[in-house]
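Results of the structural survey
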Amino acid sequence: MIPFNKPFLTGKEAHYIYQAVYSGKLSGNGVYTKKCQTFFEDHYGFKKALMTTSCTDALEMAAILCDIKPGDEVIAPSYTFVSTVLAFVRQGAKIVFCDSCKDNPNIDPDKIESLITERTKVIVPVHYAGVACDMDKIMDIARRHNLLVVEDAAQAIDSYYKGRALGSIGHLGCFSFHETKNIIAGEGGLLSINDERFIRRSEIIWEKGTNRSEFFRGEVNKYGWVDTGSSFLPSELISAFLWAQIENMDIIQTRRKEIWEQYYEGLKPLAGKGYLELPEIPDYATNNAHMFYVVCRSLEERTKLIKYLKDNGVMSVFHYLSLHKSGFYTGHADSRPGNLQEVEMHNVKNFDGSITDELRVVGLDLPECDRFADCLLRLPMYYELETAEVNEVIRSIHAFYEKG
Ligand SMILES: *Cc1c(COP(=O)(O)O)cnc(C)c1O
């Protein structure tokens, strides 16, 4: 069986963890944390980088830094992971979902402006599959309406928009080092801070609402409780693990891109015949090969393809369900402050023929998001995936469409 994902170990992880353990400094903000943060700042041009225990935590820090209050509105794509919006919901925000582009799952920048009200505070673009959103358009909208931009760059390490690193363009950026991402620490994340106004406060929020970082730098002679916050910083063991991955990032990225290209070339004939769509990288974006996906013609066809591949020893998976149709969102849609949306019941026919009821927010129609939720299929993608295995996946997909 070819698995969908396999975490890659460079070989140095245990060694660096051993060093961290025997250095006697295990808590956060030690040598390895600083090494990682400095690398990201120097390499990607972030004004400040802070390691976190996850991207979810980085997003929560961002929501606090944006000073989200109950009733504030946040614009985000619906085709994304729960954490993108949950961080803001926890601060009391109302999420206003925006549709995806036609040819990729990223937020459609041309649909953002009509969603802005006087309560809108933040736009959260998600760089799906590590491919940049059209950031010039988004930053221009934000400037004109005086909004903040938080990039969900969870999948976007080492990827660029017009030569600028993703996560360095918005006011804040959030990355993930979860074991399913390109470089990993098991669980782990990073907050990038590009607007100087947020730097001091970000360190305080990071260290449980205290000015401990300033104390350790000798800037104040005692530290205390100065703000809200939490324990967002990871232990040295996480950063030690990540350091081994950072040292090998170039070889990891090079191999992943080879695999991506092999899929693309191998499946091009099927796209040419109109059986499926392949990801297209816009001119302004780079490809960090976080993911290889195809877009099938229907939910039925995707379900059959997943089964066919599984029967032939290949694990493929679909991705997000539309968040605007989730039970949590529809269940809370009319109860959050400032949110007067109505919901109604819909009968949904599932692929197996069964009928289920689903609540929908009245008038909230995001067809491109729904299409990616129904039709997008992710293929195995990991460093150790062999050329012969990629060929096997490609062959199986050809066989599926040829037998009709
Ligand atoms: C993985 C992911 C997250 C969550 O990252 P964690 O580090 O697991 O918290 C958030 N947003 C997107 C788009 C992701 O892909």
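Right above here is the structure, for reference.
Quick caveat, the model's predicted, so the values are computed rather than measured. (Residues numbered from 1 in each chain as written. Predicted model: local features only at pLDDT ≥ 70, side-chain atom pairs only at ≥ 80, totals over all residues. Heavy atoms only, no water.)

1. Topic: the pattern of salt bridges
- The full count for this structure, using the stated rule, is 26 salt bridges.
- The closest approach of N and O atoms between Lys-94 and Glu-73, which form a salt bridge, is 3.8 Å. Within this pair, whereas Lys-94 is found in strand S3 (residues 94–98), its partner Glu-73 is found in strand S2 (residues 73–77), the two being separated by 21 residues in sequence.
- Judged by relative accessible area, Lys-94 falls into the buried class, the value being 12%.
- Close ionic contact of Glu-214 with Arg-200 constitutes a salt bridge, the shortest N to O distance being 2.6 Å. A residue pair is termed long-range when its members are at least 10 positions apart, and Glu-214 in helix H7 (residues 212–216) and Arg-200 in helix H6 (residues 199–206) qualify at 14 residues. (Salt bridge = Lys/Arg side-chain N within 4 Å of Asp/Glu carboxyl O. Helix = DSSP H or I, 4+ residues; strand = E, 2+ residues; numbered from the N terminus. Buried < 20%, exposed > 50% of the residue type's maximum accessible area, 1.4 Å probe, protein only.)

2. So, the nonpolar core
- Judged by nonpolar contacts, the single largest core of 51 residues is most densely connected at Phe-88, Val-122, Val-150, Leu-172 and Leu-191.
- For this core, the leading source of residues is helix H3 (residues 55–65), giving eight residues.
- Excluding anything up to four places from it in sequence, Val-150 contacts Leu-59, Ala-62, Cys-66, Phe-88, Val-122, Ile-123, Val-124, Pro-125, Leu-172 and Cys-174.
- Counting residues in hydrophobic clusters, the runner-up holds 50 residues, among them Val-96, Ile-123, Ala-132 and Ile-141. (Core = buried A, V, L, I, M, F, W, Y, C linked by side-chain atoms within 4.5 Å. Contact = heavy atoms within 4.5 Å.)

3. A closer look at the packing of aromatic side chains
- A complete count under the given rule lists 27 aromatic pairs for this structure.
- Members of the aromatic cluster, joined through ring pairs, are Phe-39, Phe-40, Tyr-44, Phe-46, Tyr-160, Phe-175, Phe-177 and Trp-243.
- The ring of Phe-198 is capped by Arg-197, whose NZ or CZ atom sits 5.6 Å from the centre of that ring. (Phe/Tyr/Trp six-rings, centres within 6.5 Å; stacked < 30°, edge-to-face > 60°. Lys NZ or Arg CZ within 6 Å of the ring centre and 35° of its normal.)

4. With respect to the sheet that holds strand S9 (residues 189–193)
- With mixed pairing, seven strands are arranged side by side in an open sheet as S1-S9-S8-S5-S4-S2-S3. For this open sheet the edge positions go to strand S1 (48–52) and S3, each flanked by a neighbour on one side alone. Between one strand and the next, the sheet's axes are offset by a mean angle of 25°, whatever the strand orientation.
- Across five bridges, strand S8 (residues 172–176) lies against S9 in antiparallel orientation. Residue pairing across strands places Phe-175 opposite Leu-190, the latter belonging to S9.
- Along the sheet, H3 makes contact with S1, strand S5 (148–152), S8 and S9, crossing S8 at roughly 165°. (Pairing = 2+ DSSP bridges. Axes fitted to C-alpha atoms, helices over the stretch in contact; angles between N-to-C directions.)

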